[in-house]
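# Per-entry structural report
So you can see what is in the structure, the chains are spelled out below.
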Amino acid sequence: MRLIIPLAITFTAGIVMILNFFIPHQPFRFLGENLQEWYMIVASGAIFLGVMNLMHVHTRKIRLKLKNWKYSPVTIIGFLVMFVTGLIYGVTENLPFDYLFMNMVAPMGATMFSLLAFFVASAAFRAFRASNWRATLLLTSAFLVMLGQVPIGAMLWDKIPLAKVWLMSIPNVAGQRAVMIGAAMGVVSTSLRMIFGIERSWLGGAD
Amino acid sequence: MADIFEKLGNLDRRIIFVLIALAVIIPIIFEIVFPNPVGAEPSRDLFDYVDALPAGSNVLLSFDYDPSTMPELQPMAEALVRHLFEKDLNVVGMALWPQGASLGQDAMSSMADSLGKVQFEDWCNLGYKTGGGVMIVRLGTSMSAVFPTDRDNVPWSEIPMLRGITNLESFSLIISLSAGDPGIIAWVMMAGDRFGVPIGGGCTAVSAPTLYTYLQTGQMVGLLGGLKGAADYETLVGIEGGQAVKGMAPQSVAHIVIMLFIIIGNVAYFTRKKKGGAK
């Protein structure tokens, strides 16, 4: 039963959604809309699972004094403060939850992402080498795009932004589209394999 | 000379970090602003499309990002909201990312205050819902089924500007400001291709190359790529001293510094290679 029930649910849901796409009329429309709402409810449930997992991982880390456990109380306190203020005051503007979000969460999040510039510079310095003609081509393209993406490129030579737009619109699109079409065909084949029960790895070893 | 380049090739990365920090900090301290000419770029296409919409049209603005990408996407949000308000368009905000709803609220309420726009009459924020692409498909058949209330729990039926809106086809344009998945691609596939609603977007610079494919096919009407896209939109809208335009000088200098490091690294590599040391 552990195998048959999930396979039957997957088959039914998958077939209903395919039929709903090609035949957007009753009863498939009703079934499709209901499944879409069910998906949103299940996805909301996943947020609670995530919260439980977060608490479990960090309380365990503190209890066993695992590596970097000292950061875990900060995580738990941060979570609880946001959770409680959100419950009491809601997300309305200028109330404590919104104040904490705009003045703590937002600047800290932006700061973390901005660190990327330092690592990109360091990695580019160590790894970006014109070691063969293909790497040289990539390097030249990168230089043109980097210059075309900022006003200083146009100040150096007004054709640089045009070169950037050409690189992004023609060679880049050709490569991206090839990758996307390949990936899309992979998604279609994997989805069909899952719907018909051929691909079962997602069952987590229940087969 | 060769020895100098060899030594430079083994530069401590802390020196790189300091130089990058200086490249960003100095233009900010001295308030250096570079002129930002806008050429025939996808950012102009989006501006022209919004500019041509008749007053009173409904526009859905989806804030699909979080604070980590806020430096690039929040200036876009503010410039777009300002343009939409100035054109007297009805702006309905929502988010596919949980934290996007608060960032969207901040952008819309601050612009509404300065331009005298009224919440629930000229704009509203429906907030965040889970589900990504599947949720978008459901919006295509019924928006009030997905959002029975707005972000502040005001019922759909009590919001005057939503009375004429039933599903995604009620919108003249959907704009997604996206930092990843779910984001622009989900909107293009689920709303644009399936329900025929025009899609515009703004994204981080790193994700722009993927989205150029949708511009060429006409599946998107325009795109703001990274801080440059935001600066372009600020310039086109006519915002004086906008955050993105101000950010162009530090970004320009940082790009130049990174390029110099790449050149130094390559010179050091070829110097070593000449000596037979590099692989």
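The rules behind each value
Residues numbered from 1 in each chain as written. Chains lettered and ligands numbered in written order. Predicted model: local features only at pLDDT ≥ 70, side-chain atom pairs only at ≥ 80, totals over all residues. Helix = DSSP H or I, 4+ residues; strand = E, 2+ residues; numbered from the N terminus. Expected span 1.5 Å × (residues − 1). Buried ≥ 20, exposed ≤ 12 C-beta atoms within 10 Å, placed from the backbone. Contact = placed C-beta atoms within 7 Å. Nonpolar A, V, L, I, M, F, W, Y, C, P; charged D, E, K, R; others polar. Domains from an automatic or database assignment. Pairing = 2+ DSSP bridges. Axes fitted to C-alpha atoms, helices over the stretch in contact; angles between N-to-C directions. Right-handed = clockwise from strand over helix to strand, strands pointing away.

### Here's the deal with helix H4 (residues 70-86) of chain B
Residues and elements named next belong to chain B. Given a rise of 1.5 Å per residue, 17 residues ought to cover 24 Å, and the 23 Å separating the end C-alpha atoms of H4 matches this to within 8%. In terms of burial, H4 is largely enclosed, as 15 of its 17 residues are buried. Directly beyond the C-terminal end of H4, a positive phi value near 60° is found at Asp88.

### Points about the interface of chain A and chain B
Listed per partner, the contact involves 50 residues of chain A and 51 residues of chain B. Counting only elements with at least two residues in the side of chain A that touches chain B, the list comes to helix H2 (28-63), helix H4 (96-114), helix H5 (116-127), helix H6 (133-148), helix H7 (151-156), helix H8 (160-169) and helix H9 (171-195) of chain A. Partitioned by chemical class, the residues of the side of chain A that touches chain B number 33 nonpolar, 10 polar and seven charged.

### Considerations on the domain arrangement of chain A
The assigned domain composition of chain A is domain 1 (4-115) and domain 2 (117-177). If you average the C-alpha positions of domain 1 of chain A and of domain 2 of chain A, the two centres end up 37 Å apart.

### Re unusual backbone geometry
Residue Pro27(A) is bonded to the preceding Gln26(A) through a cis peptide linkage, with omega at 5°. The topology assignment puts Pro27(A) in the loop between helix H1 (4-22) and H2. Following Asp181(B), the chain continues to Pro182(B) via a peptide bond in cis, the omega torsion being 0°. Residue position: Pro182(B) is located in the loop between strand S4 (173-178) and helix H8 (184-195).

### Here's the deal with the sheet that holds strand S6 (residues 222-225) of chain B
Residue and element names in this part refer to chain B. The strand order across the open sheet formed by six strands is S3-S2-S1-S4-S5-S6, and the pairing between neighbours is parallel. Two strands bound the open sheet, and with one partner strand each, they are strand S3 (123-128) and S6. Averaged over neighbouring strand pairs, the angle between their axes works out to 15° when direction is ignored. Pairing analysis gives five bridges linking strand S1 (residues 58-64) to strand S2 (residues 90-95), with the strands arranged parallel. Bridge assignment links Leu61 to a residue of S2, and that residue is Gly93. Sheet strands in contact with helix H10 (residues 226-237) are strand S5 (199-203) and S6, and its direction is about 115° off that of S6.

### What about the pairing of S5(B)?
All names here are of chain B. Along S5, five of the five residues are buried, which leaves the element largely enclosed by surrounding structure. Every second residue of S5 is oriented toward a common face, with Ile199, Gly201 and Cys203 on one face and Gly200 and Gly202 on the other, all of them buried. The sheet contact formed by S4 and S5 spans five bridges and is parallel. Paired with Ser176 across the two strands is Gly201, which belongs to S5. Note that the unit made of S4, H8 and S5 has a crossover that is right-handed. Where S5 and S6 come together, four bridges link them in parallel fashion. Bridging from a neighbouring strand, Gly202 pairs with Leu224 of S6. In this region the chain leaves S5, passes through helix H9 (residues 208-216) and returns to the parallel neighbour S6; the handedness of that crossover is right-handed.

### Points about the domain arrangement of chain B
We note that the domain assignment places domain 1 (2-32 + 248-275) and domain 2 (42-240) within chain B. Between the C-alpha centres of domain 1 of chain B and domain 2 of chain B the distance comes to 38 Å.

### Regarding the pairing of S4(B)
All names here are of chain B. Judged by how many residues are buried, S4 sits mostly within the fold: six of six residues are covered. What you see with S4 is no split at all: Leu173, Ile175 and Leu177 on one side and Ile174, Ser176 and Ser178 on the other are buried throughout. Both S1 and S4 contribute to a ladder of six bridges, which runs parallel. Across the sheet, residue Leu61 finds its bridge partner in S4, namely Ile175.

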